[in-house]
Amino acid sequence: MSGIFEIEYRGLNIFDEIGVVEIAIDSDSNMIHLYDQNQVVPPEYDFSTKSYVVNDSFINMTKVLYNKYFFSNNHDENLNEWVKGITWVFYHPGKVFKFENGEVKKIIEIHNVENLYEKYVLRIL
């Protein structure tokens, strides 16, 4: 994958401690990879719908990214349209989730999935 831009986001994790999310932005593939060892923006399991959903911390992070200067000229849509137009990949120890078209899916077998960020995959194995 070429053209990867890496940044960090700091936010509160589930224990109300400041944690860091490493973000790799692949504008060529329209994907954003999130390495989240500190559980700052992990998808949550919603027992009422029996599916994974994004949490409030993720929404807060997307607002920050949406308003950053390197994105300000790259989108004409509102925040929700922008978020849904990107494939978000969450890398957590032992787990990978993909948020695409407004739906979170857990990736069971990461070795056969294309377009994953190898640097983050190696860290979670």
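Structure: see above.
Throughout, a residue's number is its position along its own chain's written sequence, starting from 1. For a predicted model such as this one, the threshold for reporting local features is a pLDDT of at least 70, and the threshold for listing and counting side-chain atom pairs is 80 or more; totals across whole chains, interfaces and linings nevertheless cover every residue. Heavy atoms throughout the structure, all of them, feed into the side-chain values; hydrogens and water do not.

Caption draft 1: Expanded view of the nonpolar core. Throughout this description, the term nonpolar core refers to a set of buried Ala, Val, Leu, Ile, Met, Phe, Trp, Tyr and Cys residues connected via side-chain atoms within 4.5 Å. Think of it in three bands: residues with accessible area under 20% of the maximum for their type are buried, residues over 50% are exposed, and the middle band is partly exposed, with areas taken using a 1.4 Å probe on protein chains only. Counting residues in hydrophobic clusters, the biggest one holds 21 residues, and the most contacted among them are Ile 23, Leu 34, Phe 58, Met 61 and Trp 88. Contributing elements (two or more residues each) for this core: β2 (18-26), β3 (31-35), α1 (56-67), α3 (79-84), β6 (87-92) and β7 (95-100). Segments assigned H or I by DSSP are reported as helices when at least four residues long, segments assigned E as strands when at least two residues long, and all are numbered from the N terminus. At four residues, the largest contribution of residues to this core is made by α1. A contact between two residues is defined here by any heavy atoms of the two lying within 4.5 Å. Residues in contact with Met 61, not counting those within four places in the same chain, are Tyr 9, Val 21, Ile 23, Leu 34, Val 41 and Trp 88. Residues Ala 24, Met 31, Ile 107 and Leu 116 belong to the second largest nonpolar core, which totals 13 residues.

Caption draft 2: Layout of the environment of Asn 80. Note that Asn 80 resides in helix α3. The class of Asn 80 is exposed, set by a relative accessible area of 57%. Distance from Asn 80 to Tyr 66, taken between C-alpha atoms, is 9.9 Å for residues 14 residues apart in sequence.

Caption draft 3: The arrangement of the pairing of β6 in detail. With respect to burial, β6 is a largely interior element, six of its six residues being buried. With burial as the criterion, each face of β6 is covered, one bearing Thr 87, Val 89 and Tyr 91 and the other bearing Trp 88, Phe 90 and His 92. Between any two strands, at least two bridges found by DSSP are needed for them to pair. In this structure, β3 lies alongside β6, joined through five bridges in parallel fashion. By the bridge assignment for β6, His 33 is matched with Val 89. In the sheet, β6 pairs with β7 via five bridges, with the strands oriented antiparallel. Along β7, the bridge assignment pairs His 92 with Lys 95.

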